[in-house]
Amino acid sequence: MTKTKITIVFLGQIPIKIDKTTISKWSSKHFEIENVLNVPITTNADGEDWDYSDDNIKNLLPEVYSGDFLLAITHIPLEDNYYARRFDNNRICATFYEIADFLKVSNIPFENLVYRLLYSYFLIYKRYGDRIPKRSETTNFTHDETRGCLFDMNGIKSDIIYSTNKPQLCNKCIDKLKNEGIEESVLNEIQRELKKIDKDLYYKILDFIQENPIWAIIISSLTAILLGIIGSVLASFIYEIIK
Ligand SMILES: [Zn+2]
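Residues numbered from 1 in each chain as written. Predicted model: local features only at pLDDT ≥ 70, side-chain atom pairs only at ≥ 80, totals over all residues. Heavy atoms only, no water.

*Asks:* Run through the coordination of the zinc ion, naming residues and quoting values.
*Replies:* The protein atoms that coordinate the zinc ion are H143 (NE2), C149 (SG), C170 (SG) and C173 (SG), at distances spanning 2.1 to 2.3 Å. Classification of the site at the zinc ion rests on its four donor atoms, whose angles at the metal span 104 to 119 degrees, yielding the label tetrahedral. For H143, a relative accessible area of 11% puts it in the buried group. On the basis of relative accessible area, C170 is assigned to the buried category, the value being 11%. (Donors = N, O, S within 2.8 Å, 3.2 Å for Na, K, Ca; no water. Tetrahedral: all angles 85-135°; square planar, octahedral: opposite > 155°, others 65-115°. Buried < 20%, exposed > 50% of the residue type's maximum accessible area, 1.4 Å probe, protein only.)

This is the structure we're talking about:
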């Protein structure tokens, strides 16, 4: 299977700290980032709640781009306060608006949201026969229940934290994707790749300590004893040399 090529657009200023270079180098056996563009926002919000309507966003997104589909990332509120909207010509726009706050509180790297979107829209692109379905089409690729799955609906935005740290495909989605013609080997490979979408080491250690306080005390006590022994042996060794 040839790799699906994706253009990423950063639409407007992204005020949060996000590493665009790391995102552009994300490696998958099934898709690649063909191009990364920065596109300015040249209009003001036209919605009642300072949001940007679909028509407004559509006019801001590039019509012509390289690759198979375009994923735009922004920080402005989208229509109906959705965190992602689909547009014609295989284009999607997703926003960090409100989502970034939930990721920050949970110490989840902001880049993880982009990776999660890349995988979910790659699978949507494949299951719909190499195209992103239009918003007007009835679709059923998401589920309302939060399962830590790429296809969690996240109607309650705070639930995004469960599918941006080691996200997975749930069993029901795997069955559905297989029935829609996605090969099992591809799904297995994707499940393996999804494990790489996790937290930084420091926060993984912090999570371990919070989830296993007794083990953390035992490990730190043993480490202190071990360091004491090593220090004592070293001191004896140095004393023998210099006496
Ligand atoms: Zn699922």
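*Asks:* Let's hear about the pattern of salt bridges: which residues, and what values?
*Replies:* Under the definition given, this model contains 15 salt bridges. The closest approach of N and O atoms between E63 and R91, which form a salt bridge, is 3.8 Å. Here E63 is found in the loop between α2 (54-60) and β3 (69-74), whereas its partner R91 is found in strand β5 (residues 91-95), with 28 residues between them in sequence. Taking relative accessible area as the criterion, E63 reaches 46% and is therefore assigned partly exposed. Connected via shared salt-bridge partners are D54, E79, R85 and R135. (Salt bridge = Lys/Arg side-chain N within 4 Å of Asp/Glu carboxyl O. Helix = DSSP H or I, 4+ residues; strand = E, 2+ residues; numbered from the N terminus.)

*Asks:* Which residues make up the domain arrangement of the protein chain, and what values do they have?
*Replies:* One can read the domain layout of the protein chain as domain 1 (4-199) and domain 2 (212-242). Centre-to-centre, using C-alpha coordinates, domain 1 lies 48 Å away from domain 2. (Domains from an automatic or database assignment.)

*Asks:* Describe the packing of aromatic side chains, with residues and values.
*Replies:* Scanning all chains against the criterion turns up eight aromatic pairs. Taking the centre distance of 6.4 Å and the plane angle of 90 degrees together, the rings of W26 and Y119 count as edge-to-face. Residue W26 is located in the loop between α1 (20-24) and β2 (31-39), and its partner Y119 is located in helix α4 (residues 111-127); the two are separated by 93 residues in the primary sequence. The exposure class assigned to W26 is buried, which follows from its relative accessible area of 14%. Put simply, the rings of W26, F31, Y115, Y119 and F122 pair up and form one aromatic cluster. (Phe/Tyr/Trp six-rings, centres within 6.5 Å; stacked < 30°, edge-to-face > 60°.)

*Asks:* Provide a residue-level description of the pairing of strand β1 (residues 4-11), including the pertinent values.
*Replies:* Of all eight residues in β1, seven are buried, a share of seventy percent or more. In this structure, β1 lies alongside β3, joined through five bridges in parallel fashion. Following the sheet pairing, I6 is matched in β3 by F69. (Pairing = 2+ DSSP bridges.)

*Asks:* Give a detailed account of the layout of surface pockets, specifying residues and quantitative values.
*Replies:* In this approach the atoms are scanned with a rolling probe the size of a water molecule, which exposes any empty space left behind. Taken as a whole, the largest pocket holds about 470 Å³ of empty space. Lining the largest pocket are 24 residues, and of these Y82, A84, Y121, T142 and M153 sit closest to its centre. Looking at the lining of the largest pocket, the elements that each hand over two or more residues are β4 (84-87) and α4. Within the lining of the largest pocket, the residues separate by chemical class into 10 nonpolar, seven polar and seven charged. Size it by volume and the second largest pocket reaches roughly 210 Å³. (1 Å grid on protein atoms, 1.4 Å probe; cavity = no way out; pocket = protein on both sides within 12 Å on 5 of 7 lines; lining within 4 Å. Points joined across faces, edges and corners; volume = space filled by probe spheres on them. Nonpolar A, V, L, I, M, F, W, Y, C, P; charged D, E, K, R; others polar.)

*Asks:* Give a detailed account of the sheet that holds β5, specifying residues and quantitative values.
*Replies:* With mixed pairing, five strands are arranged side by side in an open sheet as β2-β1-β3-β5-β4. Either end of the sheet is taken by a strand with one partner, and the two such strands are β2 and β4. Taking the axes of each pair of neighbouring strands and ignoring which way they run, one obtains an average angle of 20 degrees across the sheet. Here β1 runs beside β2; their pairing, made up of eight bridges, is parallel. Residue pairing for β2: T4 is matched across the bridge by F31. Contacting β1, β2, β3, β4 and β5, α4 runs over the sheet at an angle of about 150 degrees to β3. (Axes fitted to C-alpha atoms, helices over the stretch in contact; angles between N-to-C directions. Contact = heavy atoms within 4.5 Å.)

*Asks:* For the side chain of N56, give the residues involved together with the corresponding values.
*Replies:* Within the secondary structure, N56 is located in helix α2. Polar contacts involving the side chain of N56 include one to the main-chain carbonyl oxygen of N44, which spans 3.0 Å. A distance of 3.1 Å separates a polar atom in the side chain of N56 from a polar atom in the side chain of D46. The residues touching N56, leaving out its near neighbours within four places in the chain, are T43, N44, A45 and D46. (Polar contact = N/O pair within 3.5 Å; in protein donor to acceptor, adjacent residues only side chain to side chain.)

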